[in-house]
Amino acid sequence: MAGRGAELLRPPTSSGRATFLELFFDLAFVVALTRVTQRFADLSDDTGWALVEGFGRTLLLFLALWLIWSHTTWITSRYEPERAIIQAVVVGTMFAGLVMAVTLPRAMEERALPFTAAYLMVMVVRPLVVAAALRGHPRRLVPFRLAAWAAASAPLWLAGALGPDRLRLPLWAAALAVDYLAWALGWPLPRVGASAVGRWRIAGTHLADRHQQMFLIALGESILVIGTVFSGTDYSAERAAAFGVAFATSTLLWRIYFHRAGLLLTEALGRAGMPGRLGTASERTHLLIVLSVLVTSVGYELVIDDPFGPPRPSWLLFVVGGPVLFLVTRMLLEYEIFGRVSRSPMIGLVAVLLFTSALTRWAPMVGLSVVAGVLALVALLDALRTRGRPLGVSASPIGREASGDRDSEA
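Residues numbered from 1 in each chain as written. Predicted model: local features only at pLDDT ≥ 70, side-chain atom pairs only at ≥ 80, totals over all residues. Heavy atoms only, no water.

### Thoughts on the side chain of R57
Reasoning step 1: Its place among the elements puts R57 in helix α3 (residues 48-78).
Reasoning step 2: Beyond its immediate sequence surroundings of up to four residues, R57 is in contact with R39, M108 and L169. (Helix = DSSP H or I, 4+ residues; strand = E, 2+ residues; numbered from the N terminus. Contact = heavy atoms within 4.5 Å.)

### So, the nonpolar core
Reasoning step 1: With 129 residues, the main nonpolar core has F29, F40, F62, Y119, W157 and W172 as its most contacted residues.
Reasoning step 2: The two domains that each donate at least three residues to this core are domain 1 (1-195) and domain 2 (204-386).
Reasoning step 3: For F62, the residues in contact, after removing those within four places along its chain, are L33, V36, L287, V290, L291 and L294. (Core = buried A, V, L, I, M, F, W, Y, C linked by side-chain atoms within 4.5 Å. Buried < 20%, exposed > 50% of the residue type's maximum accessible area, 1.4 Å probe, protein only. Domains from an automatic or database assignment.)

### A closer look at the packing of α3 against helix α7 (residues 165-185)
Reasoning step 1: Where α3 contacts α7, the two axes come as close as 11 Å, and the packing angle between them is 30°. Of the possible angle classes, the one that applies to α3 and α7 is roughly parallel. With respect to the hand of their crossing, α3 and α7 are arranged in left-handed fashion. The segment α3 lies against α7, with E53, R57, L60, L61, L63, A64, W66, L67, S70, H71 and W74 engaging L169, W172, A173, L176, D179, Y180 and W183.
Reasoning step 2: Grouping the amino acids of the contact of α3 with α7 by side-chain chemistry returns 13 nonpolar, two polar and three charged. (Axes fitted to C-alpha atoms, helices over the stretch in contact; angles between N-to-C directions. Parallel < 35°, antiparallel > 145°, perpendicular 65-115°, else oblique. Left-handed = near helix turned anticlockwise from the far one by under 90°. Nonpolar A, V, L, I, M, F, W, Y, C, P; charged D, E, K, R; others polar.)

### Regarding the pattern of salt bridges
Two side chains carrying opposite charge are able to pair once their charged atoms lie near each other.
Reasoning step 1: A full pass over the atoms with the stated rule returns ten salt bridges.
Reasoning step 2: Across the pair R210 and E22 runs a salt bridge, and its minimum N-O distance is 3.5 Å. A residue pair is termed long-range when its members are at least 10 positions apart, and R210 in helix α8 (residues 204-231) and E22 in helix α2 (residues 20-41) qualify at 188 residues.
Reasoning step 3: Judged by relative accessible area, which is 2%, R210 ranks as buried.
Reasoning step 4: For E22, a relative accessible area of 3% translates into the label buried.
Reasoning step 5: Between R106 and E110 there is a salt bridge, with its nearest N and O atoms 3.1 Å apart.
Reasoning step 6: A relative accessible area of 55% places E110 in the exposed class.
Reasoning step 7: It is possible to trace a salt-bridge network through shared partners that takes in R39, R106, E109 and E110. (Salt bridge = Lys/Arg side-chain N within 4 Å of Asp/Glu carboxyl O.)

### A look at the domain arrangement of the chain
Reasoning step 1: Partitioning the chain into domains gives domain 1 (1-195) and domain 2 (204-386).
Reasoning step 2: Placing the centre of domain 1 and that of domain 2 at their C-alpha centroids yields a distance of 26 Å.
Reasoning step 3: If you look at the interface, domain 1 gives 37 residues, while domain 2 gives 33 residues.
Reasoning step 4: The tally of links from domain 1 across to domain 2 stands at two salt bridges.
Reasoning step 5: Linking domain 1 with domain 2 are seven residue pairs in polar contact (both at pLDDT 80 or more), by the criterion used here. (Polar contact = N/O pair within 3.5 Å; in protein donor to acceptor, adjacent residues only side chain to side chain.)

### A closer look at helix α13 (residues 321-338)
Reasoning step 1: Given a rise of 1.5 Å per residue, 18 residues ought to cover 26 Å, and the 26 Å separating the end C-alpha atoms of α13 matches this to within 8%.
Reasoning step 2: Within α13, 13 of the 18 residues are buried, leaving the element largely enclosed by the surrounding structure.
Reasoning step 3: The positive-phi residue at the C-terminal boundary of α13 is G339, with phi of around 75°. (Expected span 1.5 Å × (residues − 1).)

### Describing the environment of V303
Reasoning step 1: Assignment of secondary structure puts V303 in helix α11 (residues 275-305).
Reasoning step 2: The spatial distance from the C-alpha of V303 to the C-alpha of M365 is 5.8 Å, given a sequence separation of 62 residues.
Reasoning step 3: Discounting residues that sit within four places of it in the chain, V303 has contacts with A242, V319, P364, M365 and L368.

### Concerning the confidence of the model for the chain
Caution applies to low-pLDDT regions: their predicted coordinates should not be interpreted in detail.
Reasoning step 1: The predicted model of the chain averages 89 in pLDDT, with 94% of residues at 70 or higher.
Reasoning step 2: Overall, residues 402-408 carries pLDDT values under 50, and its contacts beyond four positions in sequence, including any with other chains, amount to 16 contacts. (pLDDT = per-residue confidence, 0-100.)

### So, unusual backbone geometry
Reasoning step 1: Look at W187: it is not a glycine, yet its phi comes out positive at around 50°.
Reasoning step 2: Here W187 lies in the loop between α7 and α8.

### Comments concerning the environment of R135
Reasoning step 1: Tracing the chain through its elements places R135 in the loop between α5 (112-134) and α6 (141-162).
Reasoning step 2: Assessed through its relative accessible area of 35%, R135 is described here as partly exposed.
Reasoning step 3: Considering only alpha carbons, one finds R135 and L27, 108 residues apart in sequence, at a separation of 31 Å.

### Details of helix α15 (residues 364-386)
Reasoning step 1: Given a rise of 1.5 Å per residue, 23 residues ought to cover 33 Å, and the 33 Å separating the end C-alpha atoms of α15 matches this to within 8%.
Reasoning step 2: Once α15 ends, the next one or two residues include G388, with phi positive near 80°.

### Re the packing of α11 against α13
Two quantities define a packed helix pair, namely the angle between the helix axes and the distance between the axes.
Reasoning step 1: Viewed as axis vectors pointing N to C, α11 and α13 meet at an angle of 160°, and their least axial separation amounts to 8 Å. In terms of axis orientation, α11 runs roughly antiparallel to α13. For the element pair α11 and α13, the recorded crossing hand is left-handed. Of the residues in α13, those touching α11 at L278, A281, S282, T285, H286, L288, I289, L291, S292, V295 and T296 are G322, P323, L325, F326, T329, L332, L333 and E336.
Reasoning step 2: Of the residues contributing to the contact of α11 with α13, the split by class is eleven nonpolar, seven polar and one charged.

Below you can see the structure in the form of structure tokens.
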């Protein structure tokens, strides 16, 4: 029986590249990220507690989507994506993700139930399907753990969807906290124990490839925002200038991410003795990187729509807050790859923070231009620091343990 279930496991000789099915799967999350950005943009006129609460609601929905995407990425890094049952799992997850995407604009209101149903279908039913396909293989206990913990948080999700609107946010926040805590702890169960994600046997290069692709999807969403907003407004020199600065900012985000650290992510996960441990750290870092790009893209929309309008509390959160979060998480990524952090992103972060108080009194276009200038400085310093030097070799301090030091069922 274990031998039959073992056919689903991803062999060491499997290609690390994402399959066409996985790229097809990502299309649902292109829609989802667009809806997340739109919810953030709807907060542009809010202030005070309304802004904080609205941001928290959208962040919760984004985290739920990320959990679905990330779990799917780990599944295709552990199991052979060319197998029919895994392909069926991925397609089914894609449909559920699309349902979550189309209900997301009103998921905290009248569309709460279909959003919850789609989420629970993935979190509860999908691992049971995988467990059944594994038959007698020891690894079947892992998806059973996932299903058990998801079933435990399901009443909170359903109570939030069916109960009073005022209780939806706290109930869903508690449910999501349970789901993320279970992941961090390895879904421990009595008598069965836990299965720490960091000790899983995975295709490390595949996981790195998927994280890089999600970053590019987020960047693509920002380009979509730039083009859509500019094409839908009255043309003017000011808006054209904002369009150009926004595009330059996205280009700089791409350049800074892939300069050395982002480019060597695949090598780092391929060389790690325990790629699951480095993959776990990378997954959390990319969650924040993708969020930073989405938040920054909202800033593009606000600036292109009204480049020299009066400053509002919300625009600073998006125009400045997104790039600040990006620089912080880019430093974290560099540490995960090299075990050190270069000075250039530190200089950029300090520069943006020093300008922040002054930016509260300036027009949004000025704020975005300052941010773009600082990012250009970071990219220039990176280029000067590494000019003429070889690409280098990853030296991650994470996941250095011997590959044999893993759980028996991992």
